[in-house]
Number of protein chains: 2
Amino acid sequence: MKPKMTLKKIASELGLSISTVSKALKDNKDISKENREKVQAFAKFYNYRPNSVALSLKNKRTKTIGVIIPEIVHHYFAKVISGIEEVANSKEYNVIIGVTNESYRKEIINMEMLIDGSIDGFIISLSKETLQKADYTHLQETINQNIPIVMFDRAVNEIPSDKIVIDDRESGRMAVQKLIDEGRKKILLLTTKDYLNIGRLRTEGYKDALAENRIPFDEDLVVRIGELGDSDEDQRMLEERINKVFELHPDIDGIFGVNEIYAVTALNVARLRGLDVPETLSVIGFSDGILSKYARPHLTTVSQHGFQMGEIAAQTLINRLEEIDSGEETPYTTQVVKTELIIRDSTLNQVVQKK
Amino acid sequence: MKPKMTLKKIASELGLSISTVSKALKDNKDISKENREKVQAFAKFYNYRPNSVALSLKNKRTKTIGVIIPEIVHHYFAKVISGIEEVANSKEYNVIIGVTNESYRKEIINMEMLIDGSIDGFIISLSKETLQKADYTHLQETINQNIPIVMFDRAVNEIPSDKIVIDDRESGRMAVQKLIDEGRKKILLLTTKDYLNIGRLRTEGYKDALAENRIPFDEDLVVRIGELGDSDEDQRMLEERINKVFELHPDIDGIFGVNEIYAVTALNVARLRGLDVPETLSVIGFSDGILSKYARPHLTTVSQHGFQMGEIAAQTLINRLEEIDSGEETPYTTQVVKTELIIRDSTLNQVVQKK
DNA sequence: TTGTACGCGTTATCAT
DNA sequence: ATGATAACGCGTACAA
């Protein structure tokens, strides 16, 4: 039960002054070699560590970054946090996590809890509710208080800040183009209701690809899915809806789901209907989650590189923080992280020759 | 660009002393109503928040807990963190996350990074490497420095601390008993190499169930799997091994996998071999992850209640911290969280009558 | 070569 | 009713 060491205790123990001890620990040449060694040995023995709270108070920076995310039980966000952690730790920053559960209120509460000097800056992905309300005053106020924000994934143009995003529209286009390249003509889109940018943009990409290939857009082939809970009930409803579309359009030969759940569910439904994947039907999902990997057949998906996004977000925030320290200020940037189509077994390997 | 408000600034702005302002903000009756209102209005307008770093320094507690986990991209741990967050936030605690990636070295680095006064206590699940080395001096030293530790899941008897665990052995027994109740006689066990307590205890449970039902234990039916990477390569090897066992023992009628990956993989392999699940073969996994839920057929598993474990761990740590504050000390406890068999579609519903 | 004093922001005790 | 002062732990400019 060692008491924790402080400069003061070391000083009194060794009959020196606090500042002498402080300097000795930094190996300051002002202090006699003799005392330096004595102090250092003593400090090491009692493994003294400078109190970080005192340092934070003095330096006016905590070397801690606040990460606000909608969900932590979610492969993508977990990956992002991993990336943030990695970079942050390598730069001696700590990471405090706040989870909003997609709630506007909890987003504000979480941020206010940290805005009292606990953190130097935020990395945040907005909650769905915040996007729906489109009320970003809490973000603006944070920035007004000189606390920098880096937004990732669910960013918003109204707020001036650094942003890390993927090109959802282009990614959607790319995925659907892949299906068309295989010779698919009747492509089912599984997307979200429109308030989430994500779903909307990926839907635009779907339309882009069709248009570029002169395939007429058919609203019948678009299933817009509302909020999906965790329950088996919701899951069954989703299956139901997909089944219904297949009944009306048994000749669907491609599926693009804007997230993993949609795509995997559709894949399962299709197989239960006796369809061969990928022989007669190709399926592509979105997100590099674990479901896609273990689905049968393994699901081809658009990977978002969550880990990399986290790394970039952390690096960007830390750069900004150190910039502030040194007085300069560069303009805000928006970095677009490239997505990648990971070809697995739910699509054809060879591309059908275009006629 | 409002500068952040401090007591000092308010005081000088209002022509009062710092201590008057401080008291006024607490609505201390010593201060004239007039001044109280003036100060409070002013503070509210500039939304003043007491600097938490200064408070931490003064109070000698940060109201922050450090959570050290092996992996964050893992459904179970993500759930636990959720539970911790929930309880911590409701008690006005912040949560700092440190990820070890199963490395002993990173575990120490992470802990040392926080042990400098950044946090009041730890919640930790040990890394595999730490368990292998069985070197727990860093934990003991943390405790010696009066920083309480709550261990969860991967806890260890050598260290005196509060612990939250599940009964792995009993859970394994329960799962296998369920298979036996269905009339299964030749049950394949997929487990880990022995250095991880988890796998070993669940294996014991497997043996218990067999013994209780007078089914001879057959080493041939135990597959001990080493470290599994994230790569498709490793995955394929796993499938290979399971396949081989099936070739030698085509009449296996039950499978118990000590984790989700093993069970889902076995499920897929079995189906590819043309076996009907659950008609001729039942499969049970471990952990309430997402894979089990979306596997086909949906996988019956032993749920570990990760969220609840997180809640309990956080509550236990906070209790301990407040106890220390008030001087009393209660003995360390080990809380066992009950697991639950979640029956889905990879096992039979009805129990075969025992003869 | 060593020590004193100050400030970071806050609260609590003790004058006035 | 208000204000000055000390203390939390640290680093550093300035004295000695």
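Rules used throughout
- The residue count restarts for each chain, going from 1 along the sequence in the order it is written.
- Labels are handed out in written order, letters beginning with A for the chains and numbers beginning with 1 for the ligands.
- Totals for whole chains, interfaces and linings use all residues, but because this is a predicted model, local features are given only for residues with pLDDT of at least 70 and pairs of side-chain atoms are given and counted only at 80 or more.
- Side-chain figures throughout are based on the complete set of non-hydrogen atoms in the structure, without hydrogens or water.
- The contact criterion used throughout is that any non-hydrogen atoms of two residues lie within 4.5 Å.
- Two parts placed together each lose some accessible area under a 1.4 Å probe, and the buried area is that loss summed for both.
- Counted as salt bridges are all cases of a side-chain nitrogen of Lys or Arg within 4 Å of a carboxyl oxygen of Asp or Glu.
- In protein, a polar contact requires one atom able to donate a hydrogen and another able to accept it; more generally it is a pair of N or O atoms within 3.5 Å, and residues adjacent in sequence count only if both atoms are side-chain atoms.
- The helix count covers DSSP runs of H or I at least four residues long, the strand count covers runs of E at least two residues long, and both are numbered beginning at the N terminus.
- Gly falls in the polar group here, along with every residue not listed as nonpolar (Ala, Val, Leu, Ile, Met, Phe, Trp, Tyr, Cys, Pro) or charged (Asp, Glu, Lys, Arg).
- The nearness test applies per residue and asks whether one of its heavy atoms lies within 4 Å of the molecule or strand.
- Working definition: with a 1.4 Å probe on protein chains only, accessible area under 20% of the residue-type maximum means buried, over 50% means exposed, and in between means partly exposed.
- C-alpha atoms of residues with pLDDT of at least 70 in both copies form the basis for the least-squares superposition of the copies.
- UniProt positions are given in the numbering used here, feature names are shortened, and annotations may be inferred rather than shown by experiment.
- By nonpolar core we mean a set of buried residues, namely Ala, Val, Leu, Ile, Met, Phe, Trp, Tyr and Cys, connected to one another through side-chain atoms within 4.5 Å.

As recorded in an unreviewed UniProt entry, chain A goes by Transcriptional regulator, LacI family and comes from Flagellimonas zhangzhouensis.

A. Structural context of the interface of chain A and chain B. Facing the 54 residues of chain A at the interface are 54 residues of chain B. The largest per-residue losses of area from chain A upon contact with chain B belong to A:M113, A:Y294 and A:R296, which jointly make up 13% of the total buried on that side. The interface formed by chain A and chain B includes two salt bridges. Note that A:R296 and B:E239 form a salt bridge whose closest N and O atoms lie 2.9 Å from each other. Summed over the shared surface of chain A and chain B, the number is 11 residue pairs in polar contact (both at pLDDT 80 or more). Every element with two or more residues in the side of chain A that touches chain B is listed here: α4 (52-59), α5 (75-90), β2 (94-99), α6 (104-114), α8 (137-144), α11 (232-248), α12 (260-272) and α13 (290-294) of chain A. Class assignment of the residues belonging to the side of chain A that touches chain B gives a composition of 21 nonpolar, 19 polar and 14 charged.

B. Just the side chain of A:Q304, in detail. Structurally, the position occupied by A:Q304 is in the loop between β10 (300-303) and α14 (306-325). Discounting residues that sit within four places of it in the chain, A:Q304 has contacts with A:Y76, A:D153, A:I166, A:R202, A:F286, A:S287, A:D288 and A:M309.

C. The arrangement of the protein's contact with DNA strand D in detail. Close to DNA strand D lie 25 residues, the nearest being A:L7, A:Y48, B:T20, B:K23 and B:K60. Taking B:T20, its side chain carries an N or O atom lying 2.6 Å from a phosphate oxygen of DNA strand D. Within the side chain of B:K23, a nitrogen or oxygen atom sits 2.3 Å from a base oxygen of DNA strand D. Those elements giving two or more residues to the surface near DNA strand D turn out to be α1 (7-14), α2 (18-25) and α4 of chain A together with α2 (18-25) and α4 (52-59) of chain B. Residues of the surface near DNA strand D, tallied by class, amount to eight nonpolar, nine polar and eight charged.

D. Quick look at the protein's contact with DNA strand C. Within the structure, DNA strand C sits among 27 residues, and A:S19, A:K23, B:L7, B:K8 and B:Y48 are positioned closest to it. Here, DNA strand C places atoms within 4 Å of the protein, and 62% of those atoms are sugar or phosphate. In this structure, a phosphate oxygen belonging to DNA strand C sits 2.7 Å away from a side-chain N or O atom of A:T20. Between DNA strand C and the protein, one listed contact pairs a phosphate oxygen with a side-chain N or O atom of B:K8 at 2.6 Å.

E. Up close: unusual backbone geometry. Across the junction of A:V277 and A:P278, the peptide omega takes the value 5°, indicating a cis bond. Of note, A:P278 is situated in the loop between α12 and β9 (282-286). Residue B:P297 is reached from B:R296 by a cis peptide bond, and omega for that bond is -10°. Structurally, B:P297 can be placed in the loop between α13 (290-294) and β10 (300-303). One non-glycine residue with positive phi stands out, namely A:H305, at about 55°. Examined against the element boundaries, A:H305 turns out to sit in the loop between β10 and α14. Here B:R214, not a glycine, exhibits a phi torsion of approximately 55°, which is positive. By the element assignment, B:R214 lies in the loop between α10 (197-212) and β7 (222-225). Using a relative accessible area of 77% as the deciding quantity, one classes B:R214 as exposed.

F. View of the relation of the copies chain A and chain B. The transform that puts chain A on chain B rotates by 180° and translates by 0.0 Å along the axis, for an RMSD of 0.1 Å. Accordingly, the operation relating the two chain copies is best matched by a two-fold axis. Looking at the rotation axis and the C-alpha trace of chain A, the residue lying nearest is A:I96, at 2.2 Å.

G. Up close: the UniProt feature "domain: HTH lacI-type" (unreviewed entry) in chain A. Within this structure's numbering, the places UniProt gives as "domain: HTH lacI-type" (unreviewed entry) are residues 5-59 of chain A. Note that residues 5-59 of chain A is 67% helix and 0% strand, and that its end C-alpha atoms are spaced 21 Å apart.

H. Structural detail: the nonpolar core. Of all hydrophobic cores here, the largest spans 142 residues; its most connected members are A:I123 and B:I123. Leave out the neighbours within four places in its chain, and A:I123 touches A:I65, A:G66, A:V67, A:I68, A:I84, A:V150, A:F152, A:A313, A:A314 and A:L317. Judged by nonpolar contacts, the second largest core, of 40 residues, contains A:L139, A:V156, A:I159 and B:F122.

I. Representation of the pattern of salt bridges within the structure. All names here are of chain A. Applying the stated criterion across every chain, the model contains 32 salt bridges over all chains. The residue E182 makes a salt bridge to K178 at a minimum N-O spacing of 3.1 Å. Grouping residues by exposure puts E182 and K178 together as buried. Across the pair E182 and R184 runs a salt bridge, and its minimum N-O distance is 3.4 Å. Of the two residues, E182 and R184, both sit in the buried class. Each of the salt bridges in this network shares a partner with another, and the network as a whole consists of D27, K29 and R36.

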